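Topology and contacts: notes
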Amino acid sequence: MTVVLSADQARRIALRAQGLLGAPDRRAGVRGVLRHLGAVQLDTISVLARSHELVPYARLGAVGRPAVEGAYWGSETTFEYWSHAACILPMEEWPLFAFRRRAYRARGNLWGHPVSPETYRSVLDRLRAEGPLTSTGLGGAKRTAEWWDWSDTKIAVERALAFGDVVCTERRGWKRVYEAAERAVPAELFETDLSDEECLRRLVAQAGAALGVATRADLMDHHRLKGAQVDAVLEASGLVPVQVEGWPAAAWADPAALASEPRGRHRTTLLSPFDSLIWDRARTERIFGMSHRLEAYTPRHKRVHGYFAMPLLAGGRLVGRVDPAREGRTLVARQVSLTGPAYVAPLAEALREAASWVGCDSVRVELLADERMRPALEALL
């Protein structure tokens, strides 16, 4: 018989799968968070911190920011590749993306005009001879001052990254550091050659474990797979068909997620819009009833919740939004909305913790959607 889950059970399963319900594994630290999630999205926007820093912070609390960067970069335990988007991935997932590397190689010319085989070989030869280099070290990233006008060298090295001849294992000043794949990837992983089917089967299983319970669309979105790719391996993935009350589509669950009832302490925190708990808007609305979108690229006069509005997670629910900024040693909540006065205390807790983490010693709330909450909020702050 198909397992039937209530919407509340599905929500708690998703929270536990994402490391936001129950005691965090502090001994495993940031690397443990990455292995658990399977992918952490990168983005150029930095408000309180960059998104890849906010993800472990949301789960572990105020872990030192140098420790976050140290866990991600330069340790030969991670690499950057195209998953949900540009993501940091555990190195053990290198074999799983062979299907995507082969697909990119079959497409050939990616990201700009064609470059000569000589330019491509020259990039690889330099990396093999000199070790890790940025695009600047390889000769420059741009042909002109325009941000999109990549040089032949930049196009070649990005193409080599997509094909798997080159790996990014570090960012310095937000620039990718490229290294020859055979030097960066441990030999046992580099030499593992999985079929497309096996890559997809494992990635669907990994997505199911990271999500806890998911629809077909959720599984597709996690690593940006096509529907036919998911369909071809879903039955062999080990995921269990379930029915979630109130969900219009069929769903599948990780068997481990069904083995015990999700219990434990709920994390109270502000979430990056790129956090894997909420990076899929349709799933976020289905599970949490919040329609959330990043408005950083929306014209200012059309924004509703702010430039980098961060959902507030409290008691296992999304209960508000904060658009943060920093002015010196003050964390500024430029715009705040809450679903009710019961969440003033969790909001104050989240703001105080975030302020401390980024080196601020005070918090100022500017626009509050319901000004009746201000006295209580400011008293707690």
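This text goes with the structure placed above it.
Not measured: the values here are computed from a predicted model. (Residues numbered from 1 in each chain as written. Predicted model: local features only at pLDDT ≥ 70, side-chain atom pairs only at ≥ 80, totals over all residues. Heavy atoms only, no water.)

Section: the overall build of the protein
Along the protein, the regular secondary structure elements total 16 helices and 14 strands. A compact globule built from 381 residues should have a C-alpha radius of gyration of about 21 Å, and the protein, at 22 Å, falls within 12% of that. Expressed along its principal axes, the backbone C-alpha trace of the protein runs to roughly 65 × 60 × 40 Å. Across the 381 residues that make up the protein, the buried fraction comes to 54%. In the protein, the share of contacts with a sequence separation of at least 24, taken over all contacts with a separation of at least 6, comes to 65%. Put simply, the protein shows about 16,800 Å² of open surface, and 51% of that area lies on carbon and sulfur atoms. Averaging the locations of the 51 positively and 46 negatively charged side chains of the protein gives two centres separated by 3 Å. (Helix = DSSP H or I, 4+ residues; strand = E, 2+ residues; numbered from the N terminus. Rg over C-alpha atoms; globule rule 2.2 N^0.38 Å. Buried < 20%, exposed > 50% of the residue type's maximum accessible area, 1.4 Å probe, protein only. Contact = heavy atoms within 4.5 Å. Areas by Shrake-Rupley, 256 points an atom, 1.4 Å probe, with all protein chains shown as cover. Lys, Arg positive; Asp, Glu negative; His and termini not counted. Charge placed at Lys NZ, Arg CZ, Asp CG, Glu CD.)

Here we look at helix 10 (residues 196–211)
With 16 residues, helix 10 extends 22 Å between its outermost C-alpha atoms, agreeing within 8% with the 22 Å of an ideal straight helix rising 1.5 Å per residue. Those residues of helix 10 that fall on the buried side of the exposure criterion are Cys 199, Leu 200, Leu 203, Val 204, Gln 206, Ala 207, Gly 208, Ala 210 and Leu 211. Once helix 10 finishes, Gly 212 follows within two positions and takes phi at roughly 85°, a positive value. (Expected span 1.5 Å × (residues − 1).)

A short note on the sheet that holds strand 1 (residues 3–5)
Across the sheet, which stays open at both edges, the four strands sit in the order 1-8-9-7 with mixed pairing between neighbours. Edge positions in the open sheet fall to strand 1 and strand 7 (213–215), since each of these has one partner strand only. Averaged over neighbouring strand pairs, the angle between their axes works out to 40° when direction is ignored. Where strand 7 and strand 9 (residues 251–253) come together, three bridges link them in antiparallel fashion. Counted as the bridge partner of Thr 215 is Ala 251 from strand 9. Strands strand 1, strand 7 and strand 8 (240–244) of the sheet are contacted by helix 1 (residues 7–17), whose axis makes an angle of about 90° with strand 1. (Pairing = 2+ DSSP bridges. Axes fitted to C-alpha atoms, helices over the stretch in contact; angles between N-to-C directions.)

Remarks on the state of the cysteines
With the rule as written, the count across this model stands at zero disulfides. For the unlinked cysteine Cys 168, the closest cysteine sulfur is that of Cys 87, found at 12 Å. (Disulfide = S-S within 2.5 Å.)

So, the side chain of Arg 176
The residue Arg 176 is located in strand 6 (residues 175–180) in this model. On the basis of relative accessible area, Arg 176 is assigned to the buried category, the value being 13%. At 2.6 Å, the side chain of Arg 176 and the side chain of Glu 80 are in polar contact. There is a polar contact of 2.7 Å between the side chain of Arg 176 and the side chain of Glu 158. (Polar contact = N/O pair within 3.5 Å; in protein donor to acceptor, adjacent residues only side chain to side chain.)

Section: the sheet that holds strand 14 (residues 362–368)
If you trace the five strands from one edge of the open sheet to the other, you get 10-11-12-13-14, paired in mixed fashion. Of all strands in the sheet, those bounded by a partner on one side alone are strand 10 (269–270) and strand 14. Across eight bridges, the pairing between strand 12 (residues 317–327) and strand 13 (residues 330–338) is antiparallel. Within strand 13, the position partnered with Ala 325 by the bridge is Val 332. Packed on one face of the sheet, helix 15 (residues 344–357) meets strand 10, strand 11 (310–314), strand 12, strand 13 and strand 14 and runs near 155° to strand 13.

Side note on the packing of aromatic side chains
Evaluated as defined, the whole model comprises six aromatic pairs. With a centroid separation of 4.2 Å and an interplanar angle of 15°, the aromatic rings of Tyr 57 and Trp 357 are classed as stacked. Of the two residues, Tyr 57 sits in helix 3 (residues 51–60) while Trp 357 sits in helix 15, which places them 300 residues apart along the sequence. The ring of Trp 94 is capped by Arg 101, whose NZ or CZ atom sits 3.7 Å from the centre of that ring. Here the basic side chain of Arg 171 rests over the ring of Trp 174, its NZ or CZ set 4.4 Å away from the ring centre. (Phe/Tyr/Trp six-rings, centres within 6.5 Å; stacked < 30°, edge-to-face > 60°. Lys NZ or Arg CZ within 6 Å of the ring centre and 35° of its normal.)

A short note on the pairing of strand 13
Most of strand 13 sits inside the fold, with seven of its nine residues counted as buried. Taking the residues that link successive antiparallel strands as the turn, the strand 12-strand 13 hairpin has two residues, and the phi of Gly 328 there is positive, at about 60°. Where strand 13 lies against strand 14, six bridges are found, and the strand directions are parallel. Of the residues in strand 14, the one forming a bridge with Gln 335 is Leu 367. Tracing the backbone out of strand 13, into helix 15 and back to the parallel element strand 14 gives a crossover that is right-handed. (Right-handed = clockwise from strand over helix to strand, strands pointing away.)

A look at helix 6 (residues 117–130)
The end-to-end C-alpha separation of helix 6 is 20 Å, in line with the 20 Å expected for 14 residues at 1.5 Å each. Listed as buried for helix 6 are Tyr 120, Val 123, Leu 124 and Leu 127. Projection of helix 6 onto a plane perpendicular to its axis shows the buried side chains occupying an angular sector of 90°, all on one side. Following helix 6 by one or two positions, Gly 131 has its phi on the positive side, about 90°. (Arc of directions from axis to C-beta.)

Structural notes on unusual backbone geometry
Even without glycine at this site, Trp 174 takes up a positive phi of about 70°. The residue Trp 174 is located in the loop between strand 5 (166–172) and strand 6 in this model. Backbone geometry places Arg 224, a non-glycine residue, at a positive phi of 55°. Among the structural elements, Arg 224 can be located in the loop between helix 11 (216–222) and helix 12 (227–233).

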